[in-house]
Amino acid sequence: AQTVTQSQPEMSVQEAETVTLSCTYDTSENNYYLFWYKQPPSRQMILVIRQEAYKQQNATENRFSVNFQKAAKSFSLKISDSQLGDTAMYFCAFQAGNNRKLIWGLGTSLAVNP
Amino acid sequence: DVKVTQSSRYLVKRTGEKVFLECVQDMDHENMFWYRQDPGLGLRLIYFSYDVKMKEKGDIPEGYSVSREKKERFSLILESASTNQTSMYLCASSFPGASGNTIYFGEGSWLTVV
């Protein structure tokens, strides 16, 4: 069975600094997708970034980038120039290529301090 | 923008009541999901639907049922509410078929069963 592990329940970072959230997963699939979702205090979950397993290049979206290590089954999220609005719960998720369902990590609560 | 609307943000119900949580999406998505979110447990899938009148059990379907009579609407039903169903409920939707599609979430429904 696939699993997703986020080993850091809580993290904090100073405004304008860089922070990395870790995520590891376990699967025997070769075709899959990985996601980071953000859930701010207002509670609406939104997609931050997505990575296709067949792509070697790490995905980036403005200040958000990932370090995808397929062999190590690691998918960390780096937030550069942290902003107060980045304060949120961050969830890592895995989806096998032939499955509609996502497997979710338990989340990392990130606080950006002024 | 995709909009997933959950009809009730906050509900308080009595033990034994029948509870309906309604969700509507405006993007013609085939896939719709109901999740439950509890502190320390992350997101757990209750049911999902990949077409009108089609449904599949998720990881924790016990005590819940769903209805998908129209493509845009996916209802979660608690047949006889219990206090252990006090939780945040998240509805979501996504495009059909191929994996890797973004999941769009509603704002959530806070249910308290007393």
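Preceding this paragraph is the structure being described.
Please read these numbers as outputs of a predicted model, since none were measured by experiment.

**Description of the pairing of strand β2 (residues 10–14) of chain A**
All names here are of chain A. Side-chain alternation along β2 places Met11 and Val13 on a buried face and Glu10, Ser12 and Gln14 on a face that remains uncovered. Where β2 meets strand β12 (residues 108–113), 5 bridges bridge the pair, whose relative direction is parallel. Each bridged residue has a counterpart across the sheet, and for Val13 the counterpart in β12 is Val112.

**Side note on the interface of chain A and chain B**
At the junction of the two partners, chain A supplies 22 residues and chain B supplies 25 residues. Interface area for chain A against chain B, summed over the two sides, is near 1900 Å², with a carbon-plus-sulfur share of 54%. At the surface where chain A touches chain B, the tally comes to 0 salt bridges. For the pair chain A and chain B, the number of links is 5 residue pairs in polar contact (both at pLDDT 80 or more). Elements with a contribution of two residues or more to the side of chain A that touches chain B: β5 (32–39), β6 (46–52) and β10 (88–96) of chain A. If one sorts the elements of the side of chain A that touches chain B by residue count, β5 of chain A sits on top with 4 residues. In terms of residue class, the side of chain A that touches chain B is built from 10 nonpolar, 8 polar and 4 charged.

**Points about the state of the cysteines**
Per the stated rule, a full pass over the model turns up 2 disulfides over all chains. With a sulfur-sulfur separation of 2.0 Å, Cys23 of chain A is cross-linked through a disulfide to Cys92 of chain A. Looking along the S-S bond of the Cys23 of chain A-Cys92 of chain A disulfide, the torsion reads about -70 degrees, which is the left-handed sense. Of this pair, Cys23 of chain A sits in the loop between β3 (19–21) and β4 (24–26) while Cys92 of chain A is found in strand β10, placing the two residues 69 residues apart along the sequence. Since its relative accessible area comes to 0%, Cys92 of chain A is described here as buried. Put simply, Cys23 of chain B and Cys91 of chain B are joined by a disulfide, and their sulfur atoms are 1.9 Å apart. Measuring handedness by torsion sign, the sulfur bridge of Cys23 of chain B and Cys91 of chain B sits at about -80 degrees and is left-handed. Of this pair, Cys23 of chain B sits in strand β4 (residues 23–25) while Cys91 of chain B sits in strand β10 (residues 87–94), and the two are 68 residues apart along the sequence.

**Observations regarding the environment of Leu11 of chain B**
Residue and element names in this part refer to chain B. Looking at the element boundaries, Leu11 is found in strand β2 (residues 10–13). A relative accessible area of 10% means that Leu11 is categorised as buried. A sequence separation of 98 residues divides Leu11 from Ser109, and the C-alpha atoms of the two residues are 7.5 Å apart. Setting aside residues no more than four positions away along its own chain, Leu11 makes contact with Leu21, Ser109, Trp110, Leu111 and Thr112.

**Structural notes on the pattern of salt bridges**
All names here are of chain B. Counted by the stated rule, this structure contains 11 salt bridges over all chains. With a shortest N-O distance of 3.2 Å, Arg9 and Glu107 are connected by a salt bridge. Within this pair, whereas Arg9 is found in the loop between β1 (4–6) and β2, its partner Glu107 is found in the loop between β11 (104–105) and β12 (109–113), the two being separated by 98 residues in sequence. Since its relative accessible area comes to 25%, Arg9 is described here as partly exposed. For the salt bridge of Lys53 with Glu69, the shortest nitrogen-to-oxygen distance reads 2.5 Å. With a gap of 16 residues between them, Lys53 in the loop between β6 (42–51) and β7 (54–57) and Glu69 in strand β8 (residues 64–70) connect regions that are remote in the sequence. Take Lys53: its relative accessible area is 58%, and that puts it in the exposed class. Residue classification places Glu69 among the exposed positions, given a relative accessible area of 52%.

What counts, and at which threshold
- Residues numbered from 1 in each chain as written.
- Chains lettered and ligands numbered in written order.
- Predicted model: local features only at pLDDT ≥ 70, side-chain atom pairs only at ≥ 80, totals over all residues.
- Heavy atoms only, no water.
- Buried < 20%, exposed > 50% of the residue type's maximum accessible area, 1.4 Å probe, protein only.
- Helix = DSSP H or I, 4+ residues; strand = E, 2+ residues; numbered from the N terminus.
- Pairing = 2+ DSSP bridges.
- Contact = heavy atoms within 4.5 Å.
- Buried area = accessible area lost by both parts, 1.4 Å probe.
- Salt bridge = Lys/Arg side-chain N within 4 Å of Asp/Glu carboxyl O.
- Polar contact = N/O pair within 3.5 Å; in protein donor to acceptor, adjacent residues only side chain to side chain.
- Nonpolar A, V, L, I, M, F, W, Y, C, P; charged D, E, K, R; others polar.
- Disulfide = S-S within 2.5 Å.

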